[in-house]
2 protein chains.
Amino acid sequence: MTVRGLSLPELVDACVASGVGSVGLWREPVRAHGVEAAARLVRDAGLTVSTLCRGGFLTATDPSVRADALADNRAAVDEAAALGTDTLVLVSGGLPPGARDLGAARERVAAALHTLAPYAADRGVRLAIEPLHPMFASDRCVVSTLEQALDLAERFPARQVGVCVDTYHLWWDDRAPAQLTRAGESGRVFAFQLADWVTPLPEGVLNGRGQLGDGVIDLREWHARVDAAGYSGPVEVELFSDSLWARDGREVLTETVDRYLRHATGPP
Amino acid sequence: MTVRGLSLPELVDACVASGVGSVGLWREPVRAHGVEAAARLVRDAGLTVSTLCRGGFLTATDPSVRADALADNRAAVDEAAALGTDTLVLVSGGLPPGARDLGAARERVAAALHTLAPYAADRGVRLAIEPLHPMFASDRCVVSTLEQALDLAERFPARQVGVCVDTYHLWWDDRAPAQLTRAGESGRVFAFQLADWVTPLPEGVLNGRGQLGDGVIDLREWHARVDAAGYSGPVEVELFSDSLWARDGREVLTETVDRYLRHATGPP
């Protein structure tokens, strides 16, 4: 998503050229390219797929909308398996029209997971619940904190349901570090994503994430916390950013690798 | 602030006409009118001032900026006392340039309160720490949750420092109801403000609050919770809203009273 202007073949080439061995993919470009062809493209280049983004949107009350969402999530699991990644990221969904009860919406997510988690496990895919910043609570994700995500995940076996830790969504939360330890203890950190927090936020607040080092998040400290929680998987940089999208994707990827090394790893 | 287009005399007239007996004032229009004249205007109309908004912005590290902020807060206390309100609302302030440590910034707020709280108490004024939505954590308010606000407030006597509960900032937080109970038990709910949550958020996310009933917050439930916490003071409606500000303030005030009665009080 950081370099969404690149086609899938261009993305794969740019990853290889930049020494990036693992790439998080989104469903739309994968489906546009063809799932099997995308899997072959990535594999033949020697890359692995870190995660597939994303399933979820499981908060509807309307039965036919719920059935469609479950079917779509099963398809997402199948796509993840075909791509050879073991992790599907889930964004829970917001409040359906007229609803005001966030807790009840989270319970509907849990109910859906009872169906989806075993289906995914049978295909070698784990579900990573991603808490999104509270500014998305009404329209995108009723799971706003790592604590809420873990409260959901822990109803399921640790090999089936875990969490996706994204600095952009969690940086403000003084309770998140302890929850990260909790997630690590049960082996539920399934994915780690970096983005920086910059203001002013743009209209709609979706596409204003900051390039690493441009904002206020102590990315190095978050990386160390995730390391200390026992996570040793790929680190994704996920920058929804109108300003980055306006630039050449190859240049943005090179810059991002450099920013990662300078702002998220090693001694300060 | 809901009817910022009205001058102070127009606001007072509109409150009287609408049967609103208590009004929350902001410092800028009060100072423009003259503090003593504003106090007389409100008093002569038979109104009381619920709170003065706002002090705060106490997170700077630079000594001269801190000194200026403390002086400005003492002035805000003096203005509150002159207006006859016992409550000054504080917005903590964001991260100063280059800073990344929210916890350290909250400690600087605490340090400032050690100076300000006794000063205010000597003048019959209580300080109400207002947690702002986490989307404001970097640039406006490092206190994002009711829990953080209470952790600060409880370092001081309950007659000196408490909290301002605003539905717009707290509605998403599943931990807020228990914290509201905690606040009630120590008598620290000093102010209660209503606004509804609507999306999409506008650029800058400041002026997109929803008129009561237009959004997703269960205002009636929040009102009941605040009642249950033992709060029996005035209820303020604080709508930063470009769309409301574009309309006639008297009409907006009438509408707001109606919305309050229909969406925030009584049986559903």
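Chains are numbered independently. Their residues run from 1 in the order of the written sequence. Chain letters and ligand numbers both follow the written order, the letters beginning at A and the numbers at 1. Local features in this predicted model are restricted to residues whose pLDDT is 70 or higher, and side-chain atom pairs enter the listing and the counts only when it is 80 or higher, whereas totals over whole chains, interfaces and linings include all residues. With hydrogens and water excluded, all non-hydrogen atoms of the structure serve as input to the side-chain values.

**Here's the deal with the interface of chain A and chain B**
Rule in force here: Residues count as neighbours in contact if any of their non-hydrogen atoms are within 4.5 Å of one another. Here the quantity called buried area is the accessible surface, traced with a 1.4 Å probe, that two parts lose on coming together, added over both. For this analysis, a salt bridge means a side-chain nitrogen from Lys or Arg found within 4 Å of a carboxyl oxygen belonging to Asp or Glu. Distance and chemistry together define a polar contact, namely a pair of N or O atoms within 3.5 Å, with one atom able to donate a hydrogen and the other to accept it when in protein, and with adjacent residues in sequence counting only for side-chain atoms on both sides. Strands are runs of DSSP state E lasting at least two residues, helices are runs of H or I lasting at least four, and both sets are numbered from the N terminus onward.
Facing the 32 residues of chain A at the interface are 32 residues of chain B. The contact between chain A and chain B buries some 2500 Å² in all, and 59% of this surface belongs to carbon and sulfur atoms. At the junction of chain A with chain B, the criterion picks out 4 salt bridges. Taking the shortest distance from any N to any O, the salt bridge between B:Glu147 and A:Arg175 comes out at 3.9 Å. Put simply, chain A and chain B have 10 residue pairs in polar contact (both at pLDDT 80 or more) between them. Those elements that provide at least two residues to the side of chain A that touches chain B are α5 (102–122) and α6 (146–153) of chain A.

**With respect to the sheet that holds strand β3 (residues 87–91) of chain B**
All names here are of chain B. Note the cut-off: By this definition, two strands are paired if DSSP reports at least two bridges between them. For helices, the fitted line uses only the C-alpha atoms of the stretch in contact; every axis is such a line through C-alpha atoms, and the angle between N-to-C directions lies from 0 to 180 degrees.
With parallel pairing, 7 strands are arranged side by side in an open sheet as β1-β2-β3-β4-β5-β6-β7. Each having just a single partner strand, β1 (22–26) and β7 (235–237) make up the two edges of the open sheet. Here the average twist between neighbouring strands, direction ignored, is 30°.

**Digging into the relation of the copies chain A and chain B**
In plain terms, the rule: For this overlay, a least-squares fit was computed on C-alpha atoms, restricted to residues scoring pLDDT of at least 70 in both copies.
For the pair chain A and chain B, the best superposition has an RMSD of 0.0 Å and corresponds to a rotation of 180° with a translation of 0.0 Å parallel to the axis. Accordingly, the operation relating the two chain copies is best matched by a two-fold axis. Nearest to the rotation axis, the C-alpha of A:Glu203 is located 1.9 Å from it, this being the minimum over chain A.

**Some words on the environment of B:Pro157**
Residue and element names in this part refer to chain B. Selection rule: For every residue, the accessible area (1.4 Å probe, protein chains only) is compared with the maximum for its type, and the residue is labelled buried under 20%, exposed over 50%, or partly exposed between those bounds.
With respect to the element layout, Pro-157 can be found in the loop between α6 (146–153) and β5 (161–166). Residue class for Pro-157 comes out partly exposed when judged on its relative accessible area of 32%. Through-space distance from the C-alpha of Pro-157 to that of Ser-186 is 9.5 Å; in sequence the pair is 29 residues apart.

**Looking at the side chain of A:Arg108**
Residue and element names in this part refer to chain A. The cut-off we apply is this: The sign given to each residue is positive for Lys and Arg and negative for Asp and Glu; His and the chain ends receive no count.
With respect to the helices, strands and loops of the structure, Arg-108 is situated in helix α5. The buried charged residue Arg-108 lacks any salt bridge, with Asp-101 as its nearest oppositely charged partner at 7.1 Å. When sequence neighbours within four positions are dropped, the list of residues in contact with Arg-108 reads Leu-58, Thr-59, Ala-60, Thr-61, Arg-66 and Pro-96.

**Comments concerning the UniProt feature "domain: Xylose isomerase-like TIM barrel" (unreviewed entry) in chain A**
Threshold: UniProt positions are given in the numbering used here, feature names are shortened, and annotations may be inferred rather than shown by experiment.
UniProt's feature table lists "domain: Xylose isomerase-like TIM barrel" (unreviewed entry) at residues 13–254 of chain A, given in the numbering used throughout. Between the end C-alpha atoms of residues 13–254 of chain A the distance is 12 Å, and the span holds 44% helix and 16% strand.

**What about the sheet that holds strand β2 (residues 48–56) of chain A?**
Residues and elements named next belong to chain A. Spatial strand order, β1-β2-β3-β4-β5-β6-β7: 7 strands in an open sheet with parallel pairing. At either end of the open sheet lies a strand with only one pairing partner, and these are β1 (22–26) and β7 (235–237). On average, each strand axis in the sheet is inclined to that of its neighbour by 30°, with strand direction left out of account. Bridge count between β2 and strand β3 (residues 87–91): 4 bridges; the pairing is parallel. Within β3, the position partnered with Gly-55 by the bridge is Leu-90.

**Digging into the nonpolar core**
Filter applied, for reference: In these notes, a set of buried Ala, Val, Leu, Ile, Met, Phe, Trp, Tyr and Cys residues joined through side-chain atoms within 4.5 Å is what counts as a nonpolar core.
With 178 residues, the main nonpolar core has A:Leu25, A:Val165, A:Trp171, B:Leu25, B:Val165 and B:Trp171 as its most contacted residues. In this structure A:Val165 touches A:Leu146, A:Leu170, A:Leu180, A:Val189, A:Ala191, A:Phe192, A:Gln193, A:Trp222 and A:Val226, once residues within four positions along its chain are discounted. Residues B:Cys53, B:Ala128, B:Ala191 and B:Phe240 belong to the second largest nonpolar core, which totals 9 residues.

**Quick notes on the side chain of A:Asp166**
All names here are of chain A. Mapped onto the fold, Asp-166 is located in strand β5 (residues 161–166). A distance of 2.8 Å separates the side chain of Asp-166 from the backbone nitrogen of Tyr-168, its partner in a polar contact. Setting aside residues no more than four positions away along its own chain, Asp-166 makes contact with Glu-130, Gln-193, Ala-195, Arg-209 and Glu-238.

**Some thoughts on the packing of helix α1 (residues 8–18) of chain B against helix α3 (residues 35–44) of chain B**
All names here are of chain B. For clarity, the threshold we go by: Small angles under 35 degrees read as roughly parallel and large ones over 145 as roughly antiparallel, with 65 to 115 read as roughly perpendicular and the rest as oblique. Here a crossing is taken to be left-handed if its near helix is turned anticlockwise relative to the far helix by less than a right angle, and right-handed if that turn runs clockwise. The nonpolar class holds Ala, Val, Leu, Ile, Met, Phe, Trp, Tyr, Cys and Pro. Asp, Glu, Lys and Arg form the charged class, and all remaining residues, Gly among them, are polar.
Interhelical geometry of α1 versus α3 gives an angle of 15° and a closest axis separation of 10 Å. If you check the angle between α1 and α3, you find them roughly parallel. For the pair α1 and α3, the crossing hand works out as right-handed. Contacts between α1 and α3 involve Leu-8, Pro-9 and Val-12 on the former and, on the latter, Ala-38, Leu-41 and Val-42. When the residues that make up the contact of α1 with α3 are grouped by side-chain class, the tally is 6 nonpolar, no polar and no charged.

**Side note on the pairing of strand β6 (residues 189–194) of chain B**
Residue and element names in this part refer to chain B. The buried fraction of β6 is high, at 6 of 6 residues. Pairing between β5 and β6: 4 bridges, direction parallel. Its bridge partner lying in β6, Cys-164 is registered against Ala-191. Where β6 and β7 come together, 3 bridges link them in parallel fashion. Its bridge partner lying in β7, Gln-193 is registered against Glu-236.

**With respect to helix α1 (residues 8–18) of chain A**
Residues and elements named next belong to chain A. The criterion, for reference: This arc describes the spread of directions from the helix axis toward the C-beta atoms.
Leu-8, Leu-11, Val-12, Ala-14 and Cys-15 are the residues of α1 that are buried. Buried positions in α1, seen along its axis, are confined to an arc of 165° and lie on one side of it. Pointing more than 90 degrees away from the buried face of α1 are the exposed residues Asp-13 and Ala-17. Buried residues belonging to α1 abut β1, α2 (27–33), α3 (35–44) and α11 (249–263). Downstream of α1 by one or two residues, Gly-19 has phi in the positive range, about 75°.

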